[in-house]
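An overview of the molecular structure
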Protein chains: 2
Amino acid sequence: MSFEAAVHAQAIELDRLSLEMTAAAGSGHPSTAMSLGHIVTVLMFHSMRWSPEHPKYPTSDRLVLSEGHAVPIIYAAAAKLGVMVGREDERRPLRESDLATLRQADSVLDGHPNPCEGFPFFDTATGSLGQGLSAAAGLAAAARIDGIEKRIYCIVGDGEAREGQVAEALDFIVDQRLTNVLPIFNCNGFGQADRVSQQQSLERIKAKLEATGYTVREIDGHNPSQIKAAFDEFAGISAKDNAQPMAIVARTVKGWGSPTLQSGNYHGKVVAGDALQRALGELAERRTELTSSLASSDSFMIQPPQDAPAREVMIGELPPFSEALKSRDMTSVLHSGRLATRKAYGIALQQLGHANERVVVLDADVSNSTYAEDFARDPKLAGRFLECKIGEQNMFSVAAGLSAAEKIPFCSTFAKFVTRAYDQIEMAIYSGANLKIVGSHAGASLAADGPSQMSLPDVAWFRSFATMRDHRGNPGCYILQPADAYAAYALTGVMAEYEGCCYMRTLRPETEFLYSDDVVFNLGGFEVLSEGRDILLVAAGYMVHEANKALEDLDRAGISATLVDLYSLPFDAEKLLDIANQNNGYVLTIEDNYGASIGSAVADALAESGEGFTLDQMFIQRIPKSAPNPDEILRMVGLTHEDITQRCLRLLQVVSA
Amino acid sequence: MSFEAAVHAQAIELDRLSLEMTAAAGSGHPSTAMSLGHIVTVLMFHSMRWSPEHPKYPTSDRLVLSEGHAVPIIYAAAAKLGVMVGREDERRPLRESDLATLRQADSVLDGHPNPCEGFPFFDTATGSLGQGLSAAAGLAAAARIDGIEKRIYCIVGDGEAREGQVAEALDFIVDQRLTNVLPIFNCNGFGQADRVSQQQSLERIKAKLEATGYTVREIDGHNPSQIKAAFDEFAGISAKDNAQPMAIVARTVKGWGSPTLQSGNYHGKVVAGDALQRALGELAERRTELTSSLASSDSFMIQPPQDAPAREVMIGELPPFSEALKSRDMTSVLHSGRLATRKAYGIALQQLGHANERVVVLDADVSNSTYAEDFARDPKLAGRFLECKIGEQNMFSVAAGLSAAEKIPFCSTFAKFVTRAYDQIEMAIYSGANLKIVGSHAGASLAADGPSQMSLPDVAWFRSFATMRDHRGNPGCYILQPADAYAAYALTGVMAEYEGCCYMRTLRPETEFLYSDDVVFNLGGFEVLSEGRDILLVAAGYMVHEANKALEDLDRAGISATLVDLYSLPFDAEKLLDIANQNNGYVLTIEDNYGASIGSAVADALAESGEGFTLDQMFIQRIPKSAPNPDEILRMVGLTHEDITQRCLRLLQVVSA
């Protein structure tokens, strides 16, 4: 059987299965899937070098389906090829009969690509659009770091190409000369509610790609030879380091093969009953027209991946902070007694870089503010630093790709700008990514630049993930707020050792040392800085210092306060309740961000105990503006140590009155 | 004095003031400001048609400074021109002597553009990069809707142009043929940590703009005649409806006029002491070289805006829901007793569109899912519908621009995809935008599509804004979760009447009616659906129905439960505590999203009361996956009515044991 005929037969078979599995599920996007039948056939049955038996084999070529709703076409191919599915300890080949379980509660075939639910062929969860190309770039960057000659294919929808993140990813790929990633734009001309904009027409996408620095091949996405030729060309380019990266724009038909599905808008609509029979009949006719053969996987020879190189990855630990300072001739810092937590993060990053080869660092043009530059400027580490420029969405999805390739990506930028990528971070968490997020200039203490640079609702958002469990059974995210340089340094190391998502907030101002090399910091832990008996103050980050000052005022007023540095969320609630009980049940929380954050986490614990605690929360209750320094911004938002003292006095008097 | 000479003299004066004010503030970005001296001079002193006395005059041309950190150059021009500043009731002209107050706590001159702190020349807050061009497009779209011939200038940094949102905005401008907005790319070649990427070189930006459909003019951004000629050309294009939109790429010098500032990287660094004196000296030399004149505003004649047309804007109210259904021949729905809240939103939108001319609607290619299509397809309303395609970041910043022009923008998409634009929404709140956000397919009840389409940490994020106050003294955001169609319909009307930000979650599945036309819904309110005495159940949205079912099971078990539909956050805490007290202090909250949300809001209230309440929270504690229907997804995450009943029984027994 000719290649042409074999591809047509197989593509039509995948189309048929896509129609049937979505009909069985009662939902899904068969028409989008059918626009990709030929491309996916050529990729998965011919061009990719991979192994259905070992879908995550390290040297395998990878396919990222950025337009995740087209996933039935991949499931169909996977069933034909017997790709291994299931959780790690119970892998088995996917069968055609499994396809009818699409979208069932206990199926490995989730509604959108979802590696953590038992479909390891995928590296990251997609379905929230525009993120796949960045993840593909992350996989490509990891391969380059590891010296693996591996190709990454990424299918992007035309309507999806409107997402600005796609432009960020395209720039990043050129910047990093990632010739080993191939964006394939599926130009079927339709979005969900309507046709795609003329701004996302094939011609426009092609022109934009060329202007962005790509060699672009335009193909008929249902012509097997054209598809193969383009992939062959890419194979040549991907091996070159200094070539211009390549992209494919493929003219495709939504609901290809079935005139029924091409009339009206069938986006996201299953085809059932008579319409299904008609569509299946049309597909069968199309097959007779194009090939005399029935589909058979025997017509193809999948090229296996190269053997994975035996490599020892060095994974060591951080030296103590004081040693790190000494090794950098920074002992004067030890004597000064103060250092900004963001600077301690930079020092830790550099040490970690040398100690742990899996660590990679990404930043978004603010490495001189976040201090990720300490890593970037070290000649031995520079190859593992990826400058993402001012495109935060791309940065976090690149990190998800790097994580899928076993890297430990640390991403830093201003905590405020991390917000840009919350959807990407959420998808990374769903992908099981081992993501380390470091937001600098957190809270209000950066002062002078004003609210456009302050992160104020961030703790609330990440805390939401701290209330649930990821696929490993761990909190969806740990939120870490080091109050001093020792804590920031140690927690950077703790993050690297932990497998899962963490969000650490670092501070702009210099802060005094509270700790030493001897203090051990743990995820879920907290530190009691001062033990009293009348009231428990709970603070984190910059506010620990302000609360510390309040202790003296309170002492003068005859009040013995306990101070807890709640540097982690979630935290050991039982232990904190014990301390609250030792303080007559009075608790005051203090944080320089909006509410629904630390105070609320403490409220959760207190309210669920059923005991009569009294909680008062201090947080930012207005939109701040610029002020020249931390003291003035705290005055503006009512969070100085005087305010804390007053609030304690009021709380204790009012209630005892 | 020649135009050339006058511009040079004025630009150098603005540069000088930028240097001096940042030196006084001790922070800021003088070198970026100085790259814009000439462009800002030609704009504000010559090309813009506006009035320094009435900086928000409706027909005035507008300037959006997307790279907000360059703001000192605008403040300098504003001081020279005596632009009115201050809160609405205390406007006064800005003076040169005010410039030294830059970034002070009580200054109208915030660190980044901040209209709500007394600088009404700006329409929106900027400083988080990449958002200004979208806001400019919103202002331009509003002008078109209002039939005002008005030009919108927007300055975008070259490094900033990496943000994908800029690409989204550029596409949107072409889609909407907004020839009245002019993007000006300030290509000074430097970002913060380093030079800009070659992907953001002037040549590359120009090529991308041309590929995107722009007429591009390249100018020397320090050459007055070239700047003026480009603006003149734009004036011609902006008057035409079907022209290709225009963009300017300006080659500029960071720290123009001062070799001192051009050596090394002075991004975000103030110049003080000797360096300041040297830089000032260099600027003075430059002036002598270029012009014999000192700066004088008399050299220019600012063209005033046209008189604002006297227009009556129709602002009416929503008819009752049942009437709306009748007018749409949908009375069968009344009899069926059920309708999805997203559909009720669509019906309300259409009614609102006819009742209130300020209402405009935006959607992101999912209007057939959110039901915004009910508005879009009404021929009388279609002109106020803006299809943003799959570019959510742009959509929300466009809305901020529309709001600044007195529109009431309703933006809808899947609640999950709203996440893409959290940073944009935050900036819109800081801009005082009257933004209505409607996230459909909220929570887990959409079931089949899986977690990539579910909004689960969204309530936590928006709740953070519900804990603080905006510039009007209102909650930064109201979160609304209608449980039935009556509530969704009525709350859509309530949102339109309220001035400020609201986030409403609508649901995919059909839900039964709980209410009638007679029920009044309020921001901050809740409804008691069933009055009991043993335990208070608090739920919202889809979970109200599940809790409702649990009431019967509980009744059979001899437990009399109260059910509150907490459709608003924030809510009347005191009133809820009273009800909790009437139920022996037992409270169970139920929500189909992650924690830190409704349950936590209730915990806040209970814990602060100091009384011995007992709270148990039910929320989603794992990453969901696809399931075929709401019942199965609720089973997966432990939120069925049986689960609720069991939890109540356990809570009451354990504690009474």
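Because the structure is predicted, anything quoted here is derived from the model rather than measured.

So, about the overall build of chain A. For chain A, the count of helices and strands is 25 helices and 19 strands. In summary, chain A has a C-alpha radius of gyration of 28 Å against a globular reference of 26 Å for 657 residues, a match within 12%. A principal-axis box enclosing the C-alpha atoms of chain A has dimensions of 95 × 55 × 45 Å. The buried share among the 657 residues of chain A stands at 69%. With an accessible surface of roughly 19,900 Å², chain A has 45% of that area assigned to carbon and sulfur atoms. A gap of 5 Å separates the mean positions of the 57 positive and 84 negative side-chain charges of chain A.

All names here are of chain B. Taken together, five strands build an open sheet; the order of strands is β1-β4-β5-β7-β6 and the sheet is parallel. The two strands at the open ends of the sheet, each matched to only one other strand, are β1 (62–65) and β6 (215–220). Each neighbouring strand pair of the sheet contributes to a mean axis angle of 20°, computed without reference to strand direction. Relative to strand β7 (residues 246–251), β6 is paired through six bridges, and the arrangement is parallel. Counted as the bridge partner of Val-216 is Ala-247 from β7. Along the sheet face, helix α7 (residues 202–212) touches β5 (181–187), β6 and β7 and points at about 175° away from the line of β7.

For the rest of this paragraph, the subject is the pairing of strand β16 (residues 561–565) of chain B. Residue and element names in this part refer to chain B. With five of five residues buried, β16 is to be regarded as a mostly interior element. Side chains Ala-561, Leu-563 and Asp-565 project from β16 onto one buried face, and the interleaved Thr-562 and Val-564 project onto a second face that is buried too. As defined by bridge partners, strand β14 (residues 527–530) adjoins β16 across three bridges and the pair is classed as antiparallel. Each residue of the ladder has a partner; that of Val-528, found in β16, is Val-564. Note on the crossover from strand β15 (residues 535–539) through helix α21 (residues 542–556) to β16: the handedness is right-handed.

This paragraph deals with the confidence of the model for chain A. Averaged over chain A, the pLDDT score is 96; the fraction of residues at 70 or greater is 99%. This prediction of the complex comes with two scores: 0.98 for pTM and 0.98 for ipTM.

Bringing the relation of the copies chain A and chain B into the picture now. Here chain A sits on chain B after a turn of 180° about the axis and a move of 0.0 Å along it, with an RMSD of 0.0 Å. Here the two chains are linked by the operation of a two-fold rotation axis. Closest to the rotation axis within chain A is the C-alpha of Gly-164 of chain A, separated from it by 1.8 Å. A shared interface surface links the copies, since 100% of the contact residues of chain A are contact residues in chain B too.

What follows deals with the pattern of salt bridges. Counted according to the given criterion, the structure contains 73 salt bridges over all chains. For Asp-171 of chain B, the salt bridge goes to Lys-208 of chain A, with nearest N and O atoms at 2.8 Å. Of this pair, Asp-171 of chain B sits in helix α6 (residues 164–175) while Lys-208 of chain A sits in helix α7 (residues 202–212), placing the two residues on different chains. With respect to class, Asp-171 of chain B is no different from Lys-208 of chain A; both count as buried.

A few words on the interface of chain A and chain B. Chain A puts 116 residues into the contact, and the matching count from chain B is 116 residues. Contact between chain A and chain B buries roughly 8,800 Å² in total, counting both sides, with carbon and sulfur atoms accounting for 47%. It is Arg-162, Arg-420 and Ile-623 of chain A that lose the most area in chain A upon contact with chain B, and together they represent 9% of the buried surface on that side. A salt bridge links Glu-163 of chain B to Arg-420 of chain A, with the shortest nitrogen-to-oxygen separation between them at 3.3 Å. Counting the contacts that link chain A with chain B gives 79 residue pairs in polar contact (both at pLDDT 80 or more). Among the elements that make up the side of chain A that touches chain B, the one with the highest residue count is helix α6 (residues 164–175) of chain A (eight residues). Its residues assigned to classes, the side of chain A that touches chain B shows 40 nonpolar, 45 polar and 31 charged.

Further remarks concern the packing of helix α1 (residues 3–25) of chain A against helix α10 (residues 273–290) of chain A. All names here are of chain A. It is at 10 Å that the axes of α1 and α10 come closest, and there the two elements cross at 175°. One element, α1, and the other, α10, form an angle in the roughly antiparallel class. Note on element contacts: α10 touches α1 through Leu-276, Ala-279, Leu-280, Leu-283, Arg-286, Arg-287 and Leu-290, opposite His-8, Ile-12, Asp-15, Arg-16, Leu-19, Glu-20 and Ala-23. Along the lines of polarity and charge, the residues of the contact of α1 with α10 split into eight nonpolar, one polar and five charged.

Residues and elements named next belong to chain B. As for its position among the elements, Ile-73 is in helix α4 (residues 72–81). Overall, the relative accessible area of 0% leaves Ile-73 in the buried class. With 62 residues separating them in the primary sequence, Ile-73 and Ala-11 have C-alpha atoms 9.0 Å apart. When neighbours within four sequence positions are excluded, Ile-73 is seen to be in contact with Leu-14, Asp-15, Ser-18, Ala-33, Leu-36, Gly-37 and Val-40.

A few words now on α4 of chain B. All names here are of chain B. α4 sits mainly inside the fold: nine of its ten residues count as buried. Where the residues of α4 are buried, they touch α1 (3–25), α2 (30–34), α3 (37–47) and β1. In the segment just after α4, Gly-82 is the residue with positive phi, at about 65°.

Moving on to the sheet that holds strand β8 (residues 359–363) of chain B. With mixed pairing, seven strands are arranged side by side in an open sheet as β9-β8-β10-β11-β13-β12-β17 (chain B). The open sheet has two edge strands, β9 (385–387) and β17 (568–569) of chain B, and neither has a second partner.

All names here are of chain A. The residue Asn-114 is located in the loop between β3 (92–93) and α5 (132–146) in this model. Judged by its relative accessible area of 4%, Asn-114 is buried. C-alpha of Asn-114 to C-alpha of Thr-126: the two residues are twelve residues apart in sequence and 7.1 Å apart in space.

Let us now look at the state of the cysteines. Inspection of every chain in the model, using the stated rule, returns zero disulfides over all chains. No disulfide involves Cys-187 of chain A; its nearest neighbouring cysteine sulfur is the one of Cys-154 of chain A, lying 13 Å away. Left unpaired, Cys-477 of chain B is separated from the closest cysteine sulfur, that of Cys-501 of chain B, by 3.9 Å.

Attention shifts here to the pairing of strand β19 (residues 614–618) of chain A. Every other side chain in a regular strand lies on the same face of the sheet, so the side chains alternate between the two faces. All names here are of chain A. With five of its five residues buried, β19 lies for the most part within the structure. Of the two faces of β19, the one carrying Thr-614, Asp-616 and Met-618 and the one carrying Leu-615 and Gln-617 are both buried. One ladder, built from five bridges, connects strand β18 (residues 586–590) with β19; its direction is parallel. Considered in β19, the bridge of Ile-590 is made with Met-618. A crossover links β18 with its parallel partner β19, the connecting element being helix α23 (residues 598–609), and its sense is right-handed.

Moving on: the domain arrangement of chain A. Taken domain by domain, chain A holds domain 1 (2–290), domain 2 (321–442 + 481–512) and domain 3 (527–656). The gap between the C-alpha centroids of domain 1 of chain A and domain 3 of chain A is 52 Å.

On to helix α8 (residues 224–238) of chain A. Residues and elements named next belong to chain A. The first and last C-alpha atoms of α8 sit 21 Å apart over 15 residues, in line with the 21 Å expected at 1.5 Å per residue. Listed in full, the buried residues belonging to α8 are Pro-224, Ile-227, Ala-230, Phe-231, Phe-234, Ile-237 and Ser-238. Taken down its axis, α8 places every buried residue within 155° of arc, on the same side. In this structure, the buried side of α8 is in contact with α1, α3 (37–47), β4 (152–157), β5 (181–187), β6 (215–220) and β7 (246–251).

This brings us to the packing of α1 of chain A against α3 of chain A. Residues and elements named next belong to chain A. For the pair α1 and α3, interaxial distance at closest approach is 8 Å and the crossing angle is 115°. Relative to α3, α1 is oriented roughly perpendicular. Where α1 crosses over α3, the two elements pack in a sense that is right-handed. On the side of α1, the interface is formed by Phe-3, Val-7, His-8, Gln-10, Ala-11, Leu-14 and Asp-15, while α3 contributes Gly-37, His-38, Val-40, Thr-41, Val-42, Phe-45 and His-46. When the residues that make up the contact of α1 with α3 are grouped by side-chain class, the tally is seven nonpolar, six polar and one charged.

Before going further, it helps to spend a moment on the side chain of Ser-445 of chain A. All names here are of chain A. Relative to the helices and strands, Ser-445 resides in the loop between β11 (436–440) and α19 (458–466). Judged by relative accessible area, which is 2%, Ser-445 ranks as buried. Excluding residues within four positions of it along the chain, Ser-445 makes contact with Leu-507, Pro-509, Tyr-542, Asp-592, Pro-630 and Ile-633.

Rules used throughout
- Residues numbered from 1 in each chain as written.
- Chains lettered and ligands numbered in written order.
- Predicted model: local features only at pLDDT ≥ 70, side-chain atom pairs only at ≥ 80, totals over all residues.
- Heavy atoms only, no water.
- Helix = DSSP H or I, 4+ residues; strand = E, 2+ residues; numbered from the N terminus.
- Rg over C-alpha atoms; globule rule 2.2 N^0.38 Å.
- Buried < 20%, exposed > 50% of the residue type's maximum accessible area, 1.4 Å probe, protein only.
- Areas by Shrake-Rupley, 256 points an atom, 1.4 Å probe, with all protein chains shown as cover.
- Lys, Arg positive; Asp, Glu negative; His and termini not counted.
- Charge placed at Lys NZ, Arg CZ, Asp CG, Glu CD.
- Pairing = 2+ DSSP bridges.
- Axes fitted to C-alpha atoms, helices over the stretch in contact; angles between N-to-C directions.
- Contact = heavy atoms within 4.5 Å.
- Right-handed = clockwise from strand over helix to strand, strands pointing away.
- pLDDT = per-residue confidence, 0-100.
- Least-squares fit on C-alpha atoms with pLDDT ≥ 70 in both.
- Salt bridge = Lys/Arg side-chain N within 4 Å of Asp/Glu carboxyl O.
- Buried area = accessible area lost by both parts, 1.4 Å probe.
- Polar contact = N/O pair within 3.5 Å; in protein donor to acceptor, adjacent residues only side chain to side chain.
- Nonpolar A, V, L, I, M, F, W, Y, C, P; charged D, E, K, R; others polar.
- Parallel < 35°, antiparallel > 145°, perpendicular 65-115°, else oblique.
- Disulfide = S-S within 2.5 Å.
- Domains from an automatic or database assignment.
- Expected span 1.5 Å × (residues − 1).
- Arc of directions from axis to C-beta.
- Left-handed = near helix turned anticlockwise from the far one by under 90°.

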